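Commentary on secondary and tertiary structure
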Amino acid sequence: MSMTSNTRVVVIGAGLAGVRLARRLGELGTPALLIGEEEHRPYNRVLLAEVLAGRYSPDVIALPAPAELTRTRVTGIDRAARTLRCADGTEIAYDTLVLATGSNPVLPPLRGLFTPDHELPEGVHAFRTMDDCLGLSKAVRPGVRAVVIGGGLLGVSAARALAMRGAQVVLAQQSERLMERQLDPAASKLVRRHLTDLGVEVHTDLRVRDVRVVGGAVRSVEMADGYALDADLVVLACGVHPRVGLAKAAGLAVHKGVLVDDRLRTSDPHIHAIGDCAQHDGNVYGLAAPALEQADVLAALLTGNDTARYTGTRSLTRLTLAGQAPFDLAAFGETEPRPGDDVVQLTDATRGTYRKVVVRDDRLVGGVLVGELGTVGALARAWEGAEPLPSDGGPLLHLLTNDGGS
Ligand SMILES: Cc1cc2nc3c(=O)[nH]c(=O)nc-3n(C[C@H](O)[C@H](O)[C@H](O)COP(=O)(O)OP(=O)(O)OC[C@H]3O[C@@H](n4cnc5c(N)ncnc54)[C@H](O)[C@@H]3O)c2cc1C
């Protein structure tokens, strides 16, 4: 066993948050050691669906490489000795440790989902890593029957990417509509229409119960009511959960994610956490913008800016489904009004555009834009600032129609 002596900051996880932090620290003169288990060059996970759709090659989504990257998996943290154990047998010492371990895909409790040695059967894929994406990409060809389980942002992106590659896609969503976490019913309907136009068969209120495997490969997916769909490919897009195994085993405070304060410190002052694996003020975001913001704040703190604080991110969900008929969508905050809220809504059925904002006590609390994103910049600023809206002359309609300066 070799022992690497190290007085620098050590970051576990070379995803969006870890790479951003390591780069910022390098720029600020405090190089960090970055440890990542994935064998590919660090990449922008948000763009994986574009790789699957065949629009980008994997090189295009590579992140600017950080100076020092060690490829191995960290398997344990010894907090008393301040060392890490790695899968390759090395031990790495740290003064300050940062967990940027991201999320794992949720694997739903379906019968037949695992082989006896706890692997996914041939043809069944999660959709989280470049390896997942390349595996799916290799298996998809025109006419392949693909079932995507889950109709959130991830499932919608996967279904559309597979359809663009010529697969016959069925999207099975358990709840009553697509992307229900971000979208109101009208916007959900437009997403559904867009997928249907691409040839995707969308089923809502549909619960998958079983994955049928023959000779080690998936053959069909069976519903709770007994109905079966033939499948050569199955994509699991059932959400993610923060990757907290290392933190838990080391005895750090963990709820859904690793608990952090406004300085992104865990319950051990020598250890910080950022990105999908962190839980700040009750929130586990699972989104790129908060991960990057947390990395920036922590870089400032670790390079002597003691006043930097992370106070939460008001982050907007954007989805762009490119193709012959491109589809753009942005949603933020509360998209469904409470009694007493003001709502302004503009719909153009022929052009497939939809715009809506929700206002409470003169403050913008949420909105959704489909197809027509000209006003998104102005709206996002009004929402992020949480300032009272000007009360003169129909400000609501103005917000939806004024696309100047965005
Ligand atoms: C297909 C897809 C589309 C998405 N689209 C959007 C979108 O449109 N908008 C948006 O805001 N977000 C989107 N997301 C979510 C976004 O990608 C995540 O929020 C973001 O990547 C979080 O960054 P992170 O650095 O915390 O985690 P990750 O990017 O997951 O990086 C964590 C890294 O840590 C590594 N790691 C973990 N444990 C260890 C260990 N013990 N040793 C070594 N390495 C380890 C992992 O292998 C991984 O490389 C999407 C995600 C996917 C999968």
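See the structure printed just above.
To start, this report covers the structure provided alongside it. (Residues numbered from 1 in each chain as written. Predicted model: local features only at pLDDT ≥ 70, side-chain atom pairs only at ≥ 80, totals over all residues. Heavy atoms only, no water.)

Neighbouring the ligand are 30 residues; A17, E37, E38, R45 and R128 lie closest to it. For the ligand, an oxygen atom lies 2.5 Å from a polar atom in the side chain of E38. Note that an oxygen atom of the ligand is positioned 3.3 Å from one of the backbone N or O atoms of G286. Within the complex, 93% of the 1,000 Å² of free accessible area of the ligand lies under protein. Elements with a minimum of two residues in the shell around the ligand: helix 1 (16-27) and strand 3 (33-36). When the residues that make up the shell around the ligand are grouped by side-chain class, the tally is 13 nonpolar, 9 polar and 8 charged. (Near = heavy atom within 4 Å. Polar contact = N/O pair within 3.5 Å; in protein donor to acceptor, adjacent residues only side chain to side chain. Areas by Shrake-Rupley, 256 points an atom, 1.4 Å probe, with all protein chains shown as cover. Helix = DSSP H or I, 4+ residues; strand = E, 2+ residues; numbered from the N terminus. Nonpolar A, V, L, I, M, F, W, Y, C, P; charged D, E, K, R; others polar.)

Before going further, it helps to spend a moment on the sheet that holds strand 14 (residues 208-214). Strand pairing in a sheet relies on backbone hydrogen bonds. The paired strands run either parallel or antiparallel. Spatially, 14-15-16 is the arrangement adopted by the 3 strands of the open sheet, whose pairing is antiparallel. Two strands in the sheet have a free side with no partner beyond their single neighbour: strand 14 and strand 16 (228-230). Here the average twist between neighbouring strands, direction ignored, is 30°. Bridge analysis of strand 15 (residues 217-223) against strand 16 gives 3 bridges, and the strand direction is antiparallel. The residue of strand 16 that forms the bridge with V221 is L229. (Pairing = 2+ DSSP bridges. Axes fitted to C-alpha atoms, helices over the stretch in contact; angles between N-to-C directions.)

Let's shift gears to the packing of helix 1 against helix 7 (residues 288-302). Helix 7 packs onto helix 1 with a crossing angle of 30° between their chain directions and a minimal axis gap of 8 Å. In terms of their interaxial angle, helix 1 and helix 7 are classed as roughly parallel. Between helix 1 and helix 7 lies a crossing whose hand is right-handed. Seen from helix 1, the contacting residues are L16, A17, R20, L21, R24 and L25; seen from helix 7, they are A288, A291, L292, A295, D296, L298, A299 and L302. Here the residues of the contact of helix 1 with helix 7 sort into 11 nonpolar, no polar and 3 charged. (Parallel < 35°, antiparallel > 145°, perpendicular 65-115°, else oblique. Left-handed = near helix turned anticlockwise from the far one by under 90°. Contact = heavy atoms within 4.5 Å.)

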